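# Observations on the model geometry
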Amino acid sequence: MQALIDIILPVFLVIGAGYLASWRGLLKDNAVDGLMGFTQTIAIPCLLFRGIWQLDLGQHFEPALLISFYTGALLSFAAGMIGARVLFRRDWEDSVVIAFACLFSNSLLLGLPITERAYGEDALAGNYAIIAMHSPFLYAVGITSMEIARAHGNDLRKVPLTIVKAMARNALVIGISIGLVFNLAGVTLPDPALQALDMVTRTAIPAALFALGGVLWRYRPEGDMLTVLFVCAMSLGVHPGVMYLMGQGFGLGTDALRSGTITAAMAPGVNAYVFANLYGRAKRVAATSVLLATGLCLLSSWVWLQILP
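These remarks concern the structure in this document. Keep in mind that what you see is a predicted model, and the values were worked out from it rather than measured.

### Examining the overall build of the protein chain
- Helices and strands together make up the secondary structure of the protein chain, namely 14 helices and 0 strands.
- Taken from N to C terminus, the helices and strands of the protein chain fall in the order α-α-α-α-α-α-α-α-α-α-α-α-α-α.
- Referenced to the eigenvectors of the C-alpha coordinate spread, the extents of the protein chain come out at roughly 55 × 45 × 40 Å.
- For the protein chain, contacts bridging at least 24 residues in sequence account for 85% of all contacts bridging at least 6.
- Accessible area for the protein chain stands at about 13,500 Å²; split by element, carbon and sulfur atoms hold 64% of it.

Laid out in structure tokens, this is it:
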């Protein structure tokens, strides 16, 4: 219980403060959008750039960690697709959106701060290794599936170009890519530039958590609760369960097992709703899943912290 109070609760108090500020009208929608825009397009890409730039790629890109994490993600995606189609009778396009919500854990706004508070900044190398592939790979899975569903067997030659365009416009992917180039090329920055970068990155997580609370205020629970609970079960249970069991089977080190399992156990991120809104499908399920799973994550992450060594 002490872990719940000391590690997890402060993260959710910041989210709650943003939720309260929006609820009471202290922050208007445009202010919340501006804050979220700053974090998503500037501060968090800078944080990812620095994390990937300074990551020891040879030491921390463990194939076993990445295989365990992304196998869990893909199994959750497949289960979400089948469940949406067979159990809830949704069409294929809705099913892709629901599956994407099962797939896309909030690795940045929840996974990073909870792992850091639980195990310290030195334990984040596995998180950054996962995050380096997270948006590019999972968006590629989601976009490819949706474009195939929308094509109805017709011209599929446009799918690769659609994926490339989406990746090229994603600020998180850009930050990761530049960090990878700097890492491989051994680029250094002068101290003033490094200090300025540090000033921006220190704002990233707190500001993003606060903005997340404001965004969640808009997503009041609305219907489709069985489907939403199914998404929560995939996201908070199946994904981390597969990651943990496979990690144990591979003999992952303690730090890697912790990073992978905590990241996998996070609720669907706002990107789940962004994806739904992009295609105009299953938006109510995606929005409510983000809200409900984020609340449930307060308790589920505590459970996983008790299970982990």
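From this point, things continue past the structure.
### Things to note about the packing of aromatic side chains
- If you walk through the whole model with that rule in mind, you get 14 aromatic pairs.
- Relative to Tyr-139, the ring of Phe-100 lies with its centre 5.5 Å away and its plane at 50°, an arrangement referred to as tilted. Of this pair, Phe-100 sits in helix α5 (residues 92-103) while Tyr-139 sits in helix α7 (residues 125-151), and the two are 39 residues apart along the sequence.
- Their ring planes at 15° and their centres at 4.1 Å tell us that Phe-100 and Phe-275 sit as a pair that is stacked. Residue Phe-100 is located in helix α5, and its partner Phe-275 is located in helix α13 (residues 270-279); the two are separated by 175 residues in the primary sequence.
- Owing to a relative accessible area of 0%, Phe-100 belongs among the buried residues under this scheme.
- For Phe-275, a relative accessible area of 0% gives the class buried.

### Considering the packing of α13 against helix α14 (residues 283-307)
- Axis separation between α13 and α14 bottoms out at 8 Å; the angle between their running directions is 170°. Considering their axes alone, α13 and α14 lie roughly antiparallel with respect to each other. Residue-level contacts link Val-270, Ala-272, Tyr-273, Ala-276 and Asn-277 of α13 to Lys-283, Ala-286, Ala-287 and Val-290 of α14.
- Tallied by class, the residues present in the contact of α13 with α14 amount to 7 nonpolar, 1 polar and 1 charged.

### Points about helix α11 (residues 225-250)
- With 26 residues, α11 ought to run about 38 Å at 1.5 Å a step, and its terminal C-alpha atoms sit 36 Å apart, in line with that.
- A maximum bend of about 30° is found in α11 at Met-234.

### Things to note about α14
- Taking 1.5 Å as the rise per residue, α14 with 25 residues should run 36 Å; its terminal C-alpha atoms sit 34 Å apart, in good agreement.
- Most pronounced at Cys-297, the bend in α14 amounts to some 45°.

### What about the pattern of salt bridges?
- Under the definition given, this model contains 9 salt bridges.
- Linking Arg-90 and Asp-94 is a salt bridge whose minimum nitrogen-to-oxygen distance equals 3.1 Å.
- For Arg-90, a relative accessible area of 17% corresponds to the buried category.
- The salt bridge partner of Arg-90 is Asp-224, with a shortest N-O separation of 3.8 Å. Residue Arg-90 is found in the loop between α4 (63-87) and α5, and its partner Asp-224 is found in the loop between α10 (191-218) and α11; the two are separated by 134 residues along the sequence.
- The class for Asp-224 is partly exposed, based on a relative accessible area of 26%.
- Where salt bridges share partners, they join Arg-90, Asp-91, Glu-93, Asp-94, Asp-224, Arg-281 and Arg-284 into one cluster.

### Remarks on the environment of Ala-118
- With respect to the helices and strands, the residue Ala-118 is situated in helix α6 (residues 107-119).
- On the accessibility criterion, Ala-118 (23% relative accessible area) is partly exposed.
- Distance in space between the C-alpha atoms of Ala-118 and Val-285 is 31 Å, their sequence separation being 167 residues.
- Residues in contact with Ala-118, not counting those within four places in the same chain, are Ile-7 and Leu-305.

About the criteria used
- Residues numbered from 1 in each chain as written.
- Predicted model: local features only at pLDDT ≥ 70, side-chain atom pairs only at ≥ 80, totals over all residues.
- Heavy atoms only, no water.
- Helix = DSSP H or I, 4+ residues; strand = E, 2+ residues; numbered from the N terminus.
- Contact = heavy atoms within 4.5 Å.
- Areas by Shrake-Rupley, 256 points an atom, 1.4 Å probe, with all protein chains shown as cover.
- Phe/Tyr/Trp six-rings, centres within 6.5 Å; stacked < 30°, edge-to-face > 60°.
- Buried < 20%, exposed > 50% of the residue type's maximum accessible area, 1.4 Å probe, protein only.
- Axes fitted to C-alpha atoms, helices over the stretch in contact; angles between N-to-C directions.
- Parallel < 35°, antiparallel > 145°, perpendicular 65-115°, else oblique.
- Nonpolar A, V, L, I, M, F, W, Y, C, P; charged D, E, K, R; others polar.
- Expected span 1.5 Å × (residues − 1).
- Bend = angle between axes of the 7 residues up to and from the residue.
- Salt bridge = Lys/Arg side-chain N within 4 Å of Asp/Glu carboxyl O.

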